[in-house]
Structures are given as C-alpha cells and as structure tokens.
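Listed below, chain by chain, are the residues.
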Amino acid sequence: MKKIIFYTLIILTSFGSFAQGSLGYQEPPKEIKDLVDAPLAPSVRIDDKGENVILLYRNAYKTIAELSEEELRLGGLRINPVTNIGSRTTFYNNIKVKKAFDKDARQVTGLPENPRFSYFAWSPDESMMAFTHTTNTGVEVWVLDINKGSAKKLTNAGANANLGRPMTWFADSKAMLVKMLPNDREPLINTQTAVPTGPTVSVSSGEKAQNRTYQDLLKNPVDEKNFEQLARSEIFKVDIDGTTSKWMEAGMHRGMSFSPDGKYVLLTTVKRPFSYLVPYYRFASQTAIFDSNGKQVKVLLDRSVDEVRPKGFMSTTDQPRNFSWRSDKPASIIWALALDKGDPAIEMEYRDEVFELTAPFDGSERSVVKTKNRFSGITWGSDNMAIAYDYWFDNRNTKTYVFNPSDNKQEARIIFDRNYQDAYSDPGNFVTSKNKLNRYVLSVDNGNAYLMGEGFTKEGQFPFVDQMNIASGKTSRLYQSNYTDKVEDLVYALNMGKGEILIRLESPTEYPNYYVRNIKKKVALKPITQFENPFKAMQDVEKQVITYKRDDGVELTGTLYLPVGYDKKKMEKMPMIMWAYPVEYKDKASAGQNTTNPNAFIYPWYGSPVFWVTRGYVVLDDAAFPIIGEGDEQPNDTFRKQLVANAKAGIDAVDEMGYIDRNRVAVGGHSYGAFMVANLLSHSNLFAAGIARSGAYNRTLTPFGFQREERSYWEAPEVYNTMSPFMHADKMKKPLLLVHGEADNNSGTYPMQSERYFNALKGLGGPARLVMLPKESHGYRAKESILHVLWEQNQWLDEHVKNRDSMETTVQMDK
C-alpha cells in the first residue's frame, strides 16, 4: 500500500469572471506598474583605450502601434517593407558622449527629429561611430564625430538593412561601403490579393533532411519574389564628406567585411534557388573576394541550397564554412571544412580542418590546423602562435589548442580539455588587444598570454586575471576579486602592460556601473559612470542564494527573495512563486555547481517574478532544474521524474526555512520553462497553480529534435509522448495560465502549441486561461502587452494562490 496525498482545489466563483472574449489592455497594481515605468539607464559603449564613452538612450519598451507597422515574414526574417529594416529592431532615441572620467555627458548635436537609431559601429580608428536612423520612409546612414560630439547624415533614406547591418567601414576610417536600395527594384506583390498561378509543390528525393522546425519560411512563389526584391542591394562607397560612388551592382548581398589591410572585401551574396525548408542563410549563395574597388578577385565558394544535413546537433555542411579574415595578417582568408563530411555519426580522429589562402589569392590553400571536435574559432597571435577552439555537444567537451600557423607539421598542442558546462574548471578567455591593423589579436608579453575568467567556485564567484606561459602551460594569478558583497565583472583589458582593466560593479541595490581598475597598483577605482538605482521600491528586499539537495543527492540552488517589509520575528507563512528553466547535463558534478551570485543587482525586467515581492509573495527565482543523463543514458529518459524531484526539493528547502505555506505555491516559466510548468502540474500535486508563457506542449510537432534532444520522434517515441503535456492533458487539474505571442517565431513554439493545448484542457475540463498577445513574438516588446501580462499574472496568482481556499485529503490507494 502507498499513502498518497491529494489536494482538492475549490475553484472560486471569480474564475468565471475570466471569461472568453476580447479584453482591452489592462494594467497591474501600482506597485508593479511603478517598477515597469522606471526609466532605463543608457547603454554604454567605451572605446578600446577607455578614453571615450558613448551613452545610448532608448525607451524600455516599444508600443503596440510600433509592433503593428507593416511586416513581411520571409526566409526566417521579419522585415518592414516600407522602411527596409528588421521589423523587430530595437531603436535608440538619443546619444550623449563624454570623456571617460568626466562626470557629465555632452548632448550630441545635429541629431534628427523623431530619432530611431540602430546598428552602431565604431570606425577602425575609433574617432567616429556610424549608425542608422530609420525614418517613416526608410533607413539613413549617419556618422558621429566623437571628439566634436556632433552627428551628420551621410545618405538618404535608401539604405537597405533587410539582411542586417547595411554598412561597413573602410580600413582608413574615411569611408564606408553601404548597401542601398537598387533603382530597378520591382513593386512587391500583395500576398493577400495575388491570384495563384498554380499549386506549391515540394519534393523529397530520398535524402534525409532532418531540419529543426524553423518559422517564417518562404511558402510560395510570391514569397520568393518578394524576398528577392527586399534582399537586393546596390553597394556604394560613401565618404564621410557625403561623396558617393557605386561600388557593386545589385544583388542579394549579405555579409561584407574588409581585410585587415583594407585592400580586399569578403562578400557573400544570396542567389537562387531558395528553399521552403530552411532560412535565407542556408539558401544558395556565392562567397567571393573583391578588391577595394569592387573588382572580383576570386570565388571561394559557390554553394547550392543547404537543405540536407546529417542528423544531430553537431552535423554541419560538407562544404567550406566559417570564412573570415586572419586578424594578424594583412589579407589572409581562412575557412573550416568538415573531414567527417559534416556527419557526427562518422568516427574520425579529427573532425575539422582549417585552411588559409593568402593574397593575391592565386595560389593553393594550405592547411593550418585540425581539431578533434567541431571547430569553433581562432584567436590569432603571430606567425608562429595562435589559439584554436572546438566543442562537441554529445559529451559537452571543448578543447583549446596552441598551434603554429606557419608549420602544420607541428601537431597542435591541447592546453585545455574540459566539460564546457563545468563552470568551476573554466580557465577564462584569452585577453586580446588591437594590433597595427586595428584588429584584435592575442595579447602576449615575453611568451606569456593572459586569461580573464568569471571565477565561479564552490565558495562563490571571484573573477580573476591569470598569466599563462604559452610554452609550459603554467599559470599564475595576477588578480582575483575578493568582493563578497558585490559582483565584479571584468569586461575587458584596456592595457595589460599598465594593468588597466575595465570592470563593472553592482550589488543587489547598486545599479551596475563601470570603473577602471589597475591590478598592478593599489589605487582607488576610477569611476566612468554613476547611474542611480531606478528601482527604489526594491531597496529593502532581502535576497539570498540558497543551496539544497535533490533526493538523489544532486546539489541545487535558487535565488530567494522575501516580500517587501517581511517581519522575520513573526515568520508569517506566505505564498510563494517558483520560477525556473530546465537545463540538460551529462554529469551530476556540473549540474550541481552554483553559478548564481547573490550580489547581482535586483532587476525587475518584464519576464521576472520578482515584481511579486511587492505583493506579499516569497519568490524563488532561477531555481535549479538540472535534467541529467550520465553515460549512455540521455537526460530526457527520466525528464519527468527529475522535474518533480527538482521542484519538491526547492519547496522543501524554503518550507524548512519557515517562510511559506506550501499549499500556496505557484510555478512559472517561459518557453522551455513553460513546458516544465505544464508537466509539473500534470504529474505532481506540488503546486496550487501555474503560469506558462510561450511554450511548446506537443513534442510530436517538433519531430526532429527540440531543446537539447537530438533523437527524432521515430527513434524515441516514448520519450516524446511521455514528455508532452498535450498527451497527458487529462491529468492536468490545477489552474494554468497560458500566455503566447500571436507572432511567435521561435523554433518549435508555434502559437498553435498553446491554442491546441488549451483546447485539449477545455475539452477535458482542465481549469485554464489562454491569453494570446497580438503582434507579439517569443519575447514580448510592447509596453501595453507587458503591463497586461503582469496584470493577468497578478490576477491569476491572487485568485488561485494567495487567496486559495483548499483542503487536504489523505487517502489510501493501491500502489
């Protein structure tokens, strides 16, 4: 016999007040709304020398009117066809400049009215910054003179930002290449009124094309025509005095980058055929090198559409990939090639090989280095030294190599070989600095390189700077943060010779600010910014990171917030909100590490549950939800069991501290966290109610893998079915608030996921409410939407958690 405790929920009559139908945008209580309305501190851009600071201001949220502007969804892109820029672009509305250690910033002069700025880009010499301004009719390119503090327009509103950043600087900082709308652009076809000329046909030739569930793909010939017109650009050379000259004829030009010496341009151009299965960056394309006058020098790759790849997260194309300029050479192009044909199932000693081709590009490429896992990048140093990186998802392994780029007969030496989820063993990132070509290369002094790391340990977080002898691999610590009441973030090295490092400091009540630290001299920090805390209502909130264990011994953590004004002497038992997001691991040791700093600033962003400390709730945020599969076992083989164990451990831990009424606990999550919520309500009696935002609930709709699950539905149907809340909708008896953006474009989380799940719950009598947000994507942007979601969540929590009327019934049942 097994004793099982059932909690019978008495649904209040007010549940009926949440009726189906349209509803005007609502606002949450004043305590929450005041936090939402708090002004946003500016974004900070600092030059490499730490001398000049650019402050970029914007509104915290868009408006629903902005999200309602015309939008076309094509090839994985969302485009405003009127202005020719991404329809979801974040815009800034003001710019100020200051010298690093000046207290006050200067307003930039010459800015346009009704500013909407984006795509900021330093000039190579960092004397200027280019940016775009989006008007009602299009995109203009502007330039900011840093020293003068003045801005001016360089182009008309004809720049084309539909495929991303429309401009790139020449190496001399005197001109830019700018993608402009072509004169021969044809009118777009109205997809609503266009008369079809025939059916849309897709063909499977027998090759396996196991792609993820991409969204916003091309669907028909009309989409193809519109995409082509929106993607086409002519490229112009635009001098900073405004002089323009055509550099390249019209084409679907995508990425463009100058060689370090400025004599060549690497350009990728999309071409037909397109695809209805994959986004635009996997369409057919040509990658070629041009001289600085636009004359083609060499075609590096003429690629067909990239629809067919082997199965697995480590699969890749069998064609050359990852073209880039070598940063320590005037003009050398490099790329990677999969030696296993891009198929992770093929066992190879070396998975990838990196090749190099040097100007004038009329010779043969030469091998530079081979990697055992999938190549992920290189930090260039000199003729005889560079650092290469690789990684492999299946075992979470990453390797770091030192190799001689000039002699491929010398085998690359592995200096780090580790689990990339093991934060405690992270050696940090190599420090780089600009060379004479204004490119970042490895900072080396007498054979020593430098590493800056986040410094997570079992005792806490202590960021560090290490010196590493490249030849021996031995490291010595130059600096380690000793803060126990603040978070110190080592942003980047300004001058390792002088010991100057740009850092950012914050505490739970101190807004993040920038300083210059000298690790060689015991001198006071030099402040660069002095931002005030805009969330004064959170000043007295008690916050701590708690540690506890799961029933199998795995160590877990969560960030605990007590309600505003909570009296520890009375120890009143309060309702609680648990918020989490599951993460998969291949070992218990990494899963149990603490990578949360209790001293991080309390930032009530729209998706956070921390708002509810102002409403009398205890909040357990970022509760650890590891899903572990060691050896041959995959994490998702025991997903539900581990999910419930994680949740129970968190509730038990806070309950033992005496803060909560465990019969009044809610669980919430976004995206994969929403998936978690639905599973917990379906397969446990731990929670009074749940909030699930923008989730996926039927995994058979993502049959070729999801999150970190590599197996397809046909390989592991029991896993897909067991994990899918939709398949167990008959078991869901706790109140569930479902929220979803009507325009969600995240892979797998179609709006249909919430709609169909709600229909199942409603048909089976499950207590649920579905809120579909017009115009919103996977993350919510409009202030009206955000305020309404907070209102919905507050209403739901108050009704079904704080004011819950429950009774506990204990019954005996057969095991």
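The shown structure was predicted, so the numbers you read here are calculated from the model rather than taken from an experiment.

The next thing to look at is the environment of Met 256. By secondary structure assignment, the location of Met 256 is in strand S16 (residues 244-258). Judged by relative accessible area, which is 12%, Met 256 ranks as buried.

Turning to the side chain of Lys 486, a few remarks are in order. Mapped onto the elements, Lys 486 comes out in the loop between strand S36 (475-480) and strand S37 (487-495). Owing to a relative accessible area of 18%, Lys 486 belongs among the buried residues under this scheme. Within the structure, the side chain of Lys 486 is placed 2.7 Å from the side chain of Glu 510, a separation counted as a polar contact. Ignoring any residue separated from it by four or fewer positions in sequence, one finds Lys 486 in contact with Leu 505, Glu 506, Ser 507, Glu 510, Asn 597 and Asn 599.

Residue Arg 272 is joined to Pro 273 through a cis peptide bond whose omega torsion reads 5°. Relative to the assigned elements, Pro 273 resides in the loop between strand S17 (264-270) and strand S18 (285-291). That bond from Ala 359 to Pro 360 is cis: its omega, 10°, falls within 30 degrees of zero. In this structure, Pro 360 sits in the loop between strand S22 (352-358) and strand S23 (366-371). Even without glycine at this site, Tyr 119 takes up a positive phi of about 50°. Overall, Tyr 119 belongs to the partly exposed group, its relative accessible area being 22%. Notably, Lys 341 is not glycine yet its phi reads approximately 60°, a positive angle. Position of Lys 341 relative to the elements: it lies in the loop between strand S21 (332-338) and S22.

This part is about the layout of surface pockets. Sizing a probe to match a water molecule and rolling it over the atoms shows the empty space that remains. Of the volumes computed, that of the largest pocket is approximately 960 Å³. Mapped onto the lining of the largest pocket, the elements with two or more residues apiece are S16, S17, S18, strand S19 (296-303), strand S20 (321-325) and strand S24 (374-382).

Packing of helix H5 (residues 639-656) against helix H6 (residues 672-683) leaves a shortest axis separation of 10 Å and a crossing angle of 85°. In terms of their interaxial angle, H5 and H6 are classed as roughly perpendicular. Mapping the contact onto sequence places Phe 639, Arg 640, Leu 643, Val 644 and Ala 647 in H5 and Tyr 672, Phe 675, Met 676, Asn 679, Leu 680 and His 683 in H6. A per-class count over the contact of H5 with H6 returns eight nonpolar, two polar and one charged.

For the rest of this paragraph, the subject is empty space enclosed by the protein. Counted by the stated rule, this structure contains two cavities of 30 Å³ or more. Here the largest cavity defines a volume of roughly 80 Å³. What lines the largest cavity is Lys 62, Glu 66, Glu 69, Asn 80, Thr 83, Ile 85, Gly 86, Ser 87, Phe 91, Arg 116 and Thr 134. Within the lining of the largest cavity, the residues separate by chemical class into two nonpolar, five polar and four charged. By volume, the second largest cavity is sized at about 30 Å³.

Next up on the list: H5. With 18 residues, H5 ought to run about 26 Å at 1.5 Å a step, and its terminal C-alpha atoms sit 26 Å apart, in line with that. Listed as buried for H5 are Phe 639, Gln 642, Leu 643, Ala 645, Asn 646, Ala 647, Ala 649, Gly 650, Ile 651, Asp 652, Ala 653 and Val 654. Gly 658, located one to two residues past H5, shows a positive phi value of around 85°.

Turning to the sheet that holds strand S3 (residues 52-57), a few remarks are in order. Through backbone hydrogen bonds, the strands of a sheet pair up, either in parallel or in antiparallel fashion. A sheet is described by the order of its strands in space; here four strands give the open sequence S2-S3-S7-S8, paired in antiparallel fashion. The strands lining the two open edges of the sheet, one partner per strand, are strand S2 (43-46) and strand S8 (106-107). Examined bridge by bridge, S2 and S3 share four bridges and lie antiparallel to one another. Opposite Ile 46, over in S3, you have Val 53 as the bridge partner.

You can see Asp 216 is positioned in the loop between strand S14 (175-180) and helix H3 (221-231). At 2.6 Å, the side chain of Asp 216 and the side chain of Arg 78 are in polar contact. Those residues in contact with Asp 216 that sit more than four places away from it in its chain are Arg 73, Leu 74, Gly 75, Gly 76, Leu 77, Arg 78 and Asn 745.

Now for the confidence of the model for the protein. Taken as a whole, the protein shows an average pLDDT of 94; of its residues, 96% reach a score of 70 or greater. Confidence over residues 1-17 falls short of pLDDT 50; this stretch has 43 contacts with residues more than four positions distant or in other chains. Every residue in residues 806-815 is under pLDDT 50, and counting partners more than four places away or in other chains gives 25 contacts.

This part is about the pattern of salt bridges. Applying the stated criterion to the full structure yields 48 salt bridges. Asp 302 is the salt-bridge partner of Lys 271, the closest N and O atoms lying 2.2 Å from each other. Within this pair, whereas Lys 271 is found in the loop between S17 and S18, its partner Asp 302 is found in strand S19, the two being separated by 31 residues in sequence. Residue classification places Asp 302 among the partly exposed positions, given a relative accessible area of 47%. Where Asp 306 meets Arg 282, a salt bridge forms, and the shortest distance between an N and an O atom there is 3.6 Å. Residue Asp 306 is located in the loop between S19 and S20, and its partner Arg 282 is located in the loop between S17 and S18; the two are separated by 24 residues in the primary sequence. Across this residue pair, the class does not change: Asp 306 and Arg 282 are buried. When salt bridges with common partners are traced through the structure, they connect Arg 321, Asp 340, Glu 347, Arg 351, Asp 352 and Arg 374 into a single cluster.

Cut-offs used in this document
- Residues numbered from 1 in each chain as written.
- Predicted model: local features only at pLDDT ≥ 70, side-chain atom pairs only at ≥ 80, totals over all residues.
- Heavy atoms only, no water.
- Helix = DSSP H or I, 4+ residues; strand = E, 2+ residues; numbered from the N terminus.
- Buried < 20%, exposed > 50% of the residue type's maximum accessible area, 1.4 Å probe, protein only.
- Polar contact = N/O pair within 3.5 Å; in protein donor to acceptor, adjacent residues only side chain to side chain.
- Contact = heavy atoms within 4.5 Å.
- 1 Å grid on protein atoms, 1.4 Å probe; cavity = no way out; pocket = protein on both sides within 12 Å on 5 of 7 lines; lining within 4 Å.
- Points joined across faces, edges and corners; volume = space filled by probe spheres on them.
- Axes fitted to C-alpha atoms, helices over the stretch in contact; angles between N-to-C directions.
- Parallel < 35°, antiparallel > 145°, perpendicular 65-115°, else oblique.
- Nonpolar A, V, L, I, M, F, W, Y, C, P; charged D, E, K, R; others polar.
- Expected span 1.5 Å × (residues − 1).
- Pairing = 2+ DSSP bridges.
- pLDDT = per-residue confidence, 0-100.
- Salt bridge = Lys/Arg side-chain N within 4 Å of Asp/Glu carboxyl O.

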